[in-house]
Amino acid sequence: MVLALTVGVVALIVYLVLRPTHPRFYLQDASLRQLDLSNATTSTSTSTLLSTAIQVTLASRNPNERVGVYYDRLDVYASYKYQQLTVAASLPPAYQGHGDVGVWSPVLAGPNVPLAPYLADALRQDCQAGYLVLQVKVDGRVRWKVGSWVSSHYHLFVTCPAFLVTAGGNGAPGAAGFRFQTTTYCHVEV
């Protein structure tokens, strides 16, 4: 009983001294290169296919003063209303020391992704209105480093809203005219 209490007190003291916090992510830019909706007809049904390509610039900052972060696996993809639109792009493994900043600029592509009819209609309506809200998501695994000790893996999930606007609705979906509105802070879960 005394040993368990001692270990608990030591763990609490270490936690209070280190105060580890998760890394902070920011979406700095998003360039929509392709956004094409097309209808595909088979013998049994008609569906809408979306081909898209978007280049994003993500930045991550380690706010910890005594804790480093190993990014062992980071997969980035874009989604619209909870449907994944692009294939996940893998980022190279990286280490982020105390207060360091890392920047990545992957191109996310999704050729001929089938869309549900209600999503295709919603996408057309958003483009007609002159705005588009996509989500850039990061799914990965991280480890913490304190001195020479390295933790086991933790799951990292990041969601960044990408607000894209155009000067006016052009009546049809397409990449032309859409531009990134502003740098956004991302929601991070570890």
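Residues numbered from 1 in each chain as written. Predicted model: local features only at pLDDT ≥ 70, side-chain atom pairs only at ≥ 80, totals over all residues. Heavy atoms only, no water.

Caption draft 1: Region of interest: the overall build of the chain. When you go through the chain residue by residue, the secondary structure sums to 2 helices and 14 strands. By the burial criterion, 42% of the 190 residues in the chain qualify as buried. Here the analysis covers contacts within the chain between residues at least 6 apart in sequence; of these, 72% occur between residues at least 24 apart. (Helix = DSSP H or I, 4+ residues; strand = E, 2+ residues; numbered from the N terminus. Buried < 20%, exposed > 50% of the residue type's maximum accessible area, 1.4 Å probe, protein only. Contact = heavy atoms within 4.5 Å.)

Caption draft 2: Local environment of the confidence of the model for the chain. Chain-level statistics for the chain give a pLDDT mean of 87 and a share of 84% at 70 or above. Averaged pLDDT values for the elements of the chain fall to 65 in helix α1 (residues 2-18) and rise to 97 in strand β5 (residues 89-91). (pLDDT = per-residue confidence, 0-100.)

Caption draft 3: Structural context of helix α2 (residues 117-129). Helix length check: α2 (13 residues) gives 18 Å between terminal C-alpha atoms against 18 Å at 1.5 Å per residue, within 8%. Positive backbone phi, at 95°, marks G130, one or two positions downstream of α2. (Expected span 1.5 Å × (residues − 1).)

Caption draft 4: Fine view of the state of the cysteines. Taken as a whole and judged by the stated rule, the model has 1 disulfide. The disulfide that involves C160 links it to C186, with 2.0 Å between the sulfurs. Residues C160 and C186 share a disulfide whose torsion about the S-S bond is about 110°; that sign makes it right-handed. Separated by 26 residues along the polypeptide, C160 in strand β11 (residues 154-165) and C186 in the loop between β13 (184-185) and β14 (187-189) bring together distant segments of the chain. By relative accessible area, C186 is classed as buried at 13%. (Disulfide = S-S within 2.5 Å.)

Caption draft 5: Structural context of the pattern of salt bridges. The tally for this structure, following the rule as stated, stands at 3 salt bridges. A salt bridge links R143 to D72; the shortest N-O distance between them is 2.6 Å. Taken together, the positions of R143 in strand β9 (residues 131-146) and D72 in strand β3 (residues 68-80) put the pair 71 residues apart, joining distant regions of the chain. Judged by relative accessible area, R143 falls into the partly exposed class, the value being 22%. Residue R73 is joined to D75 by a salt bridge in which the shortest nitrogen-to-oxygen separation is 2.8 Å. Its relative accessible area of 16% is what places D75 among the buried residues. (Salt bridge = Lys/Arg side-chain N within 4 Å of Asp/Glu carboxyl O.)

Caption draft 6: Region of interest: the packing of aromatic side chains. Scanning the entire structure with this criterion turns up 5 aromatic pairs. Ring geometry for Y71 and W104: centres 5.8 Å apart, planes at 85°, overall edge-to-face. Of the two residues, Y71 is situated in strand β3 and W104 in strand β7 (residues 101-104); the sequence distance between them amounts to 33 residues. Judged by its relative accessible area of 1%, Y71 falls in the buried class. Taking relative accessible area as the criterion, W104 reaches 10% and is therefore assigned buried. By the ring-pair criterion, three or more aromatic residues cluster together here, those being F25, Y71 and W104. Against the face of Y70 rests R143, its NZ or CZ located 4.8 Å from the ring centre. (Phe/Tyr/Trp six-rings, centres within 6.5 Å; stacked < 30°, edge-to-face > 60°. Lys NZ or Arg CZ within 6 Å of the ring centre and 35° of its normal.)

Caption draft 7: Seen up close, a nonpolar patch on the surface. A surface patch of nonpolar side chains, about 240 Å² in accessible area, is lined by Y131, V133 and F163. Mapped onto the elements of the fold, Y131 is located in strand β9. Take Y131: its relative accessible area is 39%, and that puts it in the partly exposed class. (Patch = residues over 30% accessible without salt bridge, like charges linked within 9 Å, V, L, I, M, F, W, Y side chains within 5 Å. Areas by Shrake-Rupley, 256 points an atom, 1.4 Å probe, with all protein chains shown as cover.)

Caption draft 8: Fine view of the nonpolar core. In terms of nonpolar packing, the biggest core is built from 42 residues, with L27 and L132 touching the most fellow members. Taken together, the elements giving at least two residues each to this core come down to β1 (24-41), β2 (46-61), β3, β5, β8 (107-115), α2, β9 and β11. Those residues in contact with L132 that sit more than four places away from it in its chain are L32, L35, Y80, L123, D126, A162, F163, L164 and F178. (Core = buried A, V, L, I, M, F, W, Y, C linked by side-chain atoms within 4.5 Å.)

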